[in-house]
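Fold and geometry: a report
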Amino acid sequence: MLRKLGKDEEARLASLDALEALGGLNDDAFHNVLDMTCMLLDLPGCLIYLFGVQRIWIKAKKNIELEVIHYDSPLFNFVRYSDGPLVCEDVLQDPRFAADPMATGKTPIRQFIAIPLRTAEGYVIGAVCVINGEPGRFPEFKTDQLNNMATIVTELIEAQSEIGLVDAVTHFPNRQRLMGDLKQLLPEQGEFVLILIDTLDIKYVYEIARSFGMAEVESVFHDIGHFLKTTFMNEQMIYAISLGRFALILQAEKLNRYIGHMENFADRMQREVRSIVPLKLDFYAGYVWFSPPCTHPPELLRMATSALHDAIDGRGTIAAYNESKDATRKFNLNMLNDLAESLNQQSGLYLVFQPKVILATRKIIGAEALLRWQHPTLGEIQPDAFIPMAESTSLIKLLTEFVIAHSVIEAQRLRQLGITIPISINISANNFAEQGFADKLDNLVRAGGLQPQDIEIECLETQRILESCEALACVKALRQRGYAIALDDFGTGYSNLNYLRNIPADLIKIDRSLIENLRTDHDSRVIVQSLIKMLHDLNYVVLAEGVEDRETLNYLEQYQCDVIQGYFYSPPMKLERLIALIDAEQDGMLASCPDED
Ligand code: C2E
Ligand code: CA
Ligand code: CA
């Protein structure tokens, strides 16, 4: 820290204050030096003081009663502005100091010798001094010896102020040091960018550590650090801010000079960093522009980290900080937090149900449970706005548990009213892949007094289920226990019929995106018609989702689709309304769709 301060006197003093305030210097070491000095030089007493912004700190003392040093004492400040030591054999006889209240105070000072503590860059940060209540001669050889002691004390201070500021593995300055250095940049120095660099996937790093030991990992990082330093930006300070992650502060106008080359860094590192372990080195960088003063370095680091993750998430080798993306991410994180809170409190989340209707008879043969969230401040939020987010975290587990538990409760209510239609629930690949999921679901269903035929399972993301052995095994296990399986959103993404045979299913839901074009698009009609025919040939029951109008319904009737779901018959609704709808149907009031004549 001290070495870095250069000519900025105020910052240097402030940093000494900070060191003192934080107890950054180990007092024992200074006391030992003083003991040794007094003994070797046969001195009655000795003291080390340091200059701060608004005070002079007594760092250590031996046989001296002095408690406080006046900040503007001419005697104590003399070395600050002189080239060499001060040897004053009788203070009261010296016109420069005779009026100094320190000389005539509680601890009278007649003999005063001060040797400046001068840093490697030549700045005086304090002094080692000898104080005596009596005037007397001070031989030159003792001044020389004291000079040597002062050098040792300065080095001790410099070394100790560096401790905690250096990364133990790479010996590069660390994150604390980066924070301090960012703060010291001045407005007149122009604009800067803070760049963060990642070179290894941290999961992979732990794999290496597991097989080859931590020492090997550290040696790789050490080499990567030096590669960056020597071939990348020799003139810049490189900071090692966490395992395998580096940072540098660059003058903004130099950025373009480097950006073009970064694409090749991964390959060059791969060639140049040698290791006994199989290594796959990456190079990702994220940066943020800023103009000093940098009042809150951790926020700047956060922004650069956000940019770095944009790069890692596949948006290229190097990415700049993007405020709106960052804001969206923060918003989403807050939403996730709120969602977790809603789940925890069991408030705001509820289910609505959308009937599934047999096309030929217009009878309700089931209902799909769809999740809704009444956010405490943002109001009603649709599942598309929060479920995909929850899918990327473990929250989806809890969310699905909630849906299962509440579907079971609502199905029980239907049973009590003599209504026996199954409730369908939406389950994603992540849920299926969760260990013990089939048992968990089955237990919840049976504990609620229901049977497998009371619950139908809609598989979301069929493709991902097919790609995961665990998920696929889970679907098979559930079907074996008697749960009906539906494949959701068929016709979106990659829907290979042959592939489909690998997943056991009873019903296929043709996605709304195909159904919604039936009215207007001839090709969609050809596709849907042949899809239905093929699915029938393969013995599936076929459901068309998102049926919104009479014309669409007519086409589906013509193609002999089995079941329909959509706003034309009914939107998703609360259970009470569903019960009323089923009652009306049983009373014969709904032999046709609501707005059919
Ligand atoms: P999905 O499973 O395909 O659900 C059908 C979506 O289409 C529902 O939207 C439903 O309200 C909507 N819909 C039904 N009929 C029509 C129609 O005629 N026209 C139009 N335009 N839309 C119609 P919702 O409820 O917003 O759900 C969207 C997606 O969120 C669902 O798609 C499903 O993937 C997911 N989701 C909903 N609830 C759950 C849940 O409990 N668990 C999981 N994992 N995902 C859920
Ligand atoms: Ca569904
Ligand atoms: Ca769907």
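These remarks concern the structure in this document. Because the structure is predicted, anything quoted here is derived from the model rather than measured. Each chain carries its own residue numbering, running from 1 in the written order of its sequence. Both sets of labels track the order of writing: A upward for chains, 1 upward for ligands. Only residues with pLDDT of at least 70 get local features here, since the model is predicted, and only at 80 or more are side-chain atom pairs given and counted; chain-wide, interface and lining totals rely on the full set of residues. For side-chain calculations, the full set of non-hydrogen atoms in the structure is used, while hydrogens and water are omitted.

The next thing to look at is the pairing of strand β7 (residues 238-242). With a 1.4 Å probe rolled over the protein chains alone, any residue whose accessible area is under 20% of its type maximum counts as buried; one over 50% counts as exposed, and the rest are partly exposed. Secondary structure follows DSSP: runs of H or I at least 4 residues long count as helices, runs of E at least 2 residues long count as strands, and numbering of each begins at the N terminus. Counting buried positions along β7 gives 4 out of 5 residues, so the element sits mostly inside the fold. Looking at chain direction, β7 and strand β8 (residues 245-251) are connected through 4 bridges and run antiparallel. From the neighbouring strand, Y239 faces β8, where its bridge partner is A247. Pairing between two strands is assigned when DSSP locates at least 2 bridges connecting them. Where β7 folds back onto β8 in an antiparallel hairpin, the turn is made up of 2 residues, including G244, whose phi is positive at roughly 80°.

Next up on the list: helix α2 (residues 27-41). Taking 1.5 Å per residue, 15 residues should reach 21 Å; α2 reaches 21 Å between its end C-alpha atoms and fits that length. Looking only at α2, the buried set comprises A29, F30, V33, L34, T37, C38 and L41. Along the axis of α2, the buried positions cluster into a sector of 165°, meaning they face one direction only. Exposed and oriented more than 90 degrees from the buried face of α2 are D28 and M39. Downstream of α2 by a residue or two, D42 has a phi angle that is positive, lying close to 55°. Here the expected span of a helix is defined as 1.5 Å times the quantity of residues minus one. Of all possible arcs, the one meant is that of the directions from the helix axis to the C-beta atoms.

Turning to the pairing of strand β1 (residues 46-51), a few remarks are in order. In terms of burial, β1 is largely enclosed, as 6 of its 6 residues are buried. Of the two faces of β1, the one carrying C46, I48 and L50 and the one carrying L47, Y49 and F51 are both buried. Bridge analysis of β1 against strand β2 (residues 56-62) gives 6 bridges, and the strand direction is antiparallel. Bridge assignment links C46 to a residue of β2, and that residue is K62. Judged from the 4 bridges that link them, β1 and strand β5 (residues 124-132) form a sheet pairing that is antiparallel. Residue L47 lies in a different strand from β5, and its bridge partner there is C129.

Turning our eyes to something else, we now look at the site of ligand 1. Near is defined per residue: the residue qualifies when any heavy atom it owns lies within 4 Å of the molecule or strand. Taken together, 22 residues surround ligand 1, and among them Q354, D488, R512, E548 and Y567 come closest. Between ligand 1 and the protein, one listed contact pairs an oxygen atom with a side-chain N or O atom of N426 at 3.1 Å. At a separation of 2.8 Å, an oxygen atom of ligand 1 approaches a polar backbone atom of Y567. Among the cavities detected, the one that contains ligand 1 is the largest pocket. Elements with a minimum of two residues in the shell around ligand 1: β12 (364-375) and β16 (484-490). Sort the elements by how many residues they give to the shell around ligand 1 and β12 lands first, with 4 residues. Contacts described as polar in this section are N or O atom pairs within 3.5 Å, which, within protein, must combine one atom able to donate a hydrogen with one able to accept it, while residues neighboring in sequence count only if both atoms come from side chains. For each structure, a 1 Å grid was placed over the protein atoms alone; sets of points admitting a 1.4 Å probe that cannot get out are labelled cavities, open sets with protein on both sides within 12 Å along at least five of seven lines are labelled pockets, and lining residues have an atom within 4 Å of a point. A cavity or pocket is said to hold a molecule if more than half of that molecule's atoms lie within 2 Å of its grid points.

With that settled, the discussion passes to a nonpolar patch on the surface. Nonpolar side chains collect at one region of the surface, where M36, M39 and L40 lie side by side and expose about 350 Å² of accessible area between them. Assignment of secondary structure puts L40 in helix α2. Patch members must show over 30% relative accessible area and no salt bridge, and they are joined within 9 Å when carrying like charges or within 5 Å when they are nonpolar side chains of Val, Leu, Ile, Met, Phe, Trp or Tyr. Here the Shrake-Rupley method, with its probe set to 1.4 Å, supplies the accessible areas, and only the displayed protein chains count as covering residues. The term salt bridge refers to a pairing of a side-chain nitrogen on Lys or Arg with a carboxyl oxygen on Asp or Glu at a separation within 4 Å.

Donor atoms are limited to N, O and S found within 2.8 Å of the metal ion, a distance that becomes 3.2 Å for Na, K and Ca. With water left out, some sites might look partial. In this structure, E368 (OE), N426 (OD1), E458 (OE) and D488 (OD) serve as the protein donors to the calcium ion (ligand 2), at separations of 2.2 to 2.3 Å. Site description for the calcium ion (ligand 2): donor spacing in sequence, E-x57-N-x31-E-x29-D. Between the calcium ion (ligand 2) and the calcium ion (ligand 3), both coordinated by D488, there is a metal-metal distance of 4.5 Å. Highlighted residues: E458 in strand β15 (residues 455-459) and D488 in strand β16, separated in sequence by 30 residues. A relative accessible area of 6% means that D488 is categorised as buried.

Between helix α14 (residues 395-416) and helix α16 (residues 437-447), the shortest axis-to-axis distance is 9 Å and the interhelical angle comes to 30°. In this view, α14 runs roughly parallel relative to α16, as classed from their interaxial angle. Here α14 runs over α16; the crossing is right-handed. Across the interface between the two elements, T400, E401, I404 and V408 of α14 pack against F437, K440, L441, L444 and V445 of α16. Under the grouping applied here, Gly and all other residues not named as nonpolar or charged are polar, the nonpolar ones being Ala, Val, Leu, Ile, Met, Phe, Trp, Tyr, Cys and Pro and the charged ones Asp, Glu, Lys and Arg. Class assignment for the residues of the contact of α14 with α16 results in 6 nonpolar, 1 polar and 2 charged. All axes here are fitted lines through C-alpha atoms, helices being fitted over the stretch that makes contact, and every angle between N-to-C directions spans 0 to 180 degrees. Working definition: roughly parallel below 35 degrees, roughly antiparallel above 145 degrees, roughly perpendicular at 65 to 115 degrees, and oblique for all remaining angles. Rotating anticlockwise by less than a right angle from the far helix to the near helix defines a left-handed crossing, while the corresponding clockwise rotation defines a right-handed one. It only takes one pair of heavy atoms within 4.5 Å for two residues to be counted as in contact.

Pairing in this open sheet of 5 strands is antiparallel, and the strands run β2-β1-β5-β4-β3 from one edge to the other. Edge strands, defined here as strands with exactly one partner in the open sheet, are β2 and β3 (86-88). Pairwise comparison of adjacent strand axes, ignoring direction, gives a mean angle of 15° for this sheet. Across the face of the sheet, α2 comes into contact with β1 and β2 while running at roughly 55° to β2.

If the charged atoms of two oppositely charged side chains come close together, the side chains can form a pair. All told, the structure shown has 33 salt bridges when counted by the stated rule. Salt-bridge contacts for R302 lead to E299; the nearest nitrogen and oxygen are separated by 3.0 Å. You can see R302 and its partner E299 sitting in helix α11 (residues 297-315), 3 residues apart, about one turn around the helix. Residue classification places R302 among the partly exposed positions, given a relative accessible area of 28%. Between E458 and K356 there is a salt bridge whose closest N-O contact spans 2.9 Å.

Moving on, we get to the layout of surface pockets. Grid points are joined across faces, edges and corners, and a volume is the space filled by probe spheres set on the points. Its boundaries defined by the atoms lining it, the largest pocket holds a volume of some 1,300 Å³. In terms of lining residues, the largest pocket is bounded by 43 residues, among which L370, D384, L460, D488 and D489 are the most central. Among the secondary structure elements, those contributing two or more residues to the lining of the largest pocket are β12, α13 (387-391), α14, β14 (423-427), α17 (462-467), β16 and α19 (497-500). Per-element accounting of the lining of the largest pocket gives the leading share, 5 residues, to β12. For the lining of the largest pocket, the residue count by class is 18 nonpolar, 14 polar and 11 charged.

P293 follows P292 through a cis peptide bond whose omega is 5°. Secondary-structure assignment places P293 in the loop between β9 (284-290) and α11. For N539, which is not glycine, the phi torsion reads 70° and is therefore positive. One non-glycine residue with positive phi stands out, namely Q560, at about 60°. Along the chain, Q560 turns up in the loop between α22 (550-558) and β19 (563-564).

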